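Summary of the model geometry
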Amino acid sequence: QSVLTQPPSASGTPGQRVTISCSGNSSNIGNNDVKWFQQLPGKAPKLLIYSNYQRPSGVPGRFSGSKSGTSASLAISGLQSEDEADYYCAAWDGSLNGHVFGSGTKVTVL
Amino acid sequence: EVQLLESGGGLVQPGGSLRLSCAGTGFTFSNYAMNWVRQAPGKGLEWVSGISAGGDIYYAESVKGRYTISRDNSKNMLYLQMNGLRAEDMARYYCVRKDPNSAWDYWGQGTLVTVSS
């Protein structure tokens, strides 16, 4: 059972906006930065968002991150077929003294 | 170009040992914290261990006492010594670089560890 809680699935049609939630507590998200990763089928994960909302160079602007209290969200605006993938959130957990991941959300483009 | 190349995975019996290696190229290896993250077949990501640029070490509870992370900056290498392997340790193990902004910005392609008799 993952420390961070994500919905198992999300879906949308091309062009729609999809939002994925990541819920934690004061030991992790509440007091530490959140990262988001995209994992395409059969590939290594790729960093999408770091420090809650920062995008690495090369990541399209349709991906955005936010954080409020002990929850974080990843939004995909203008959904595209190539966005069909698994998405994971992660944060440092001060109580566990280690990093924790969410269980992952599979995004399907209808 | 930054590259991380893992090696050392394979088939091992329960209770056995393996040593994973990760070669970092295209950046000043000694300046970066490094992590190991694993993914069991069909499952999600799990952080395993990390080592800072200064040598501070962290482990997930699930591997503490069995795994040892280390680095050799003179060779630009990261290692993970895995002892007492269990069926639940079977996974693809990824080497991950952490930049100063805590972004896990580069991942290797992973090396597969299979634990089976």
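Because the structure is a prediction, the values reported are computed rather than measured.

Here the focus is the overall build of chain A. When helices and strands are tallied, chain A shows zero helices and nine strands. Counted from the first residue to the last, chain A has its helices and strands arranged as β-β-β-β-β-β-β-β-β. Against the globule reference of 13 Å for 110 residues, chain A gives a C-alpha radius of gyration of 13 Å, in line with a compact fold. Overall, chain A is about 40 × 30 × 25 Å in size when its C-alpha atoms are taken along their principal axes. For chain A, with 110 residues in total, the buried portion stands at 47%. Counting only contacts in chain A whose residues sit at least 6 apart along the sequence, the fraction spanning at least 24 positions is 58%. Looking at chain A as shown, the accessible area adds up to about 4,900 Å², and 45% of this sits on carbon and sulfur atoms. Across chain A, the mean location of the 8 positive side-chain charges is 4 Å away from that of the 6 negative side-chain charges.

Every contact between the two is made by 19 residues of chain B and, on the other side, 15 residues of chain A. Where chain B packs against chain A, one counts zero salt bridges. At the boundary of chain B and chain A, one finds three residue pairs in polar contact (both at pLDDT 80 or more). Contributing elements (two or more residues each) for the side of chain B that touches chain A: β4 (33–39), β5 (45–51), β6 (57–59) and β10 (104–107) of chain B. A class-by-class count of the residues in the side of chain B that touches chain A yields nine nonpolar, seven polar and three charged.

Turning our attention to the pairing of β5 of chain B. Residues in a regular strand point their side chains to alternate faces of the sheet. All names here are of chain B. Of all seven residues in β5, six are buried; the element is thus mostly enclosed. Both β4 and β5 contribute to a ladder of six bridges, which runs antiparallel. What sits directly across from arginine 38, in β5, is glutamate 46. What sits between β4 and β5 in their antiparallel hairpin is a turn of five residues, with glycine 42 showing a positive phi close to 75°. Strand direction decides the pairing type here: β5 and β6, joined by three bridges, are antiparallel. Note on β6: the bridge partner recorded for serine 49 is tyrosine 59.

A complete count under the given rule lists two disulfides over all chains for this structure. Here cysteine 22 of chain A connects covalently by a disulfide to cysteine 89 of chain A, the sulfurs 2.0 Å from one another. The S-S bond linking cysteine 22 of chain A to cysteine 89 of chain A shows a torsion near 75°; that makes this disulfide right-handed. One end of the pair, cysteine 22 of chain A, is in strand β2 (residues 18–23); the other, cysteine 89 of chain A, is in strand β7 (residues 85–93), with 67 residues separating them in the sequence. Looking at cysteine 22 of chain A, the relative accessible area reads 0%, which means it is buried. Given a relative accessible area of 0%, cysteine 89 of chain A falls into the buried group. Shown here is the disulfide that connects cysteine 22 of chain B with cysteine 95 of chain B, its sulfur atoms set 2.0 Å apart. Its S-S torsion of about -70° marks the bond between cysteine 22 of chain B and cysteine 95 of chain B as left-handed, since a negative value means left-handed. Of the two residues, cysteine 22 of chain B sits in strand β3 (residues 18–25) while cysteine 95 of chain B sits in strand β9 (residues 91–98), which places them 73 residues apart along the sequence. Each member of the pair, cysteine 22 of chain B together with cysteine 95 of chain B, is buried.

Reading guide: rules and limits
- Residues numbered from 1 in each chain as written.
- Chains lettered and ligands numbered in written order.
- Predicted model: local features only at pLDDT ≥ 70, side-chain atom pairs only at ≥ 80, totals over all residues.
- Heavy atoms only, no water.
- Helix = DSSP H or I, 4+ residues; strand = E, 2+ residues; numbered from the N terminus.
- Rg over C-alpha atoms; globule rule 2.2 N^0.38 Å.
- Buried < 20%, exposed > 50% of the residue type's maximum accessible area, 1.4 Å probe, protein only.
- Contact = heavy atoms within 4.5 Å.
- Areas by Shrake-Rupley, 256 points an atom, 1.4 Å probe, with all protein chains shown as cover.
- Lys, Arg positive; Asp, Glu negative; His and termini not counted.
- Charge placed at Lys NZ, Arg CZ, Asp CG, Glu CD.
- Salt bridge = Lys/Arg side-chain N within 4 Å of Asp/Glu carboxyl O.
- Polar contact = N/O pair within 3.5 Å; in protein donor to acceptor, adjacent residues only side chain to side chain.
- Nonpolar A, V, L, I, M, F, W, Y, C, P; charged D, E, K, R; others polar.
- Pairing = 2+ DSSP bridges.
- Disulfide = S-S within 2.5 Å.

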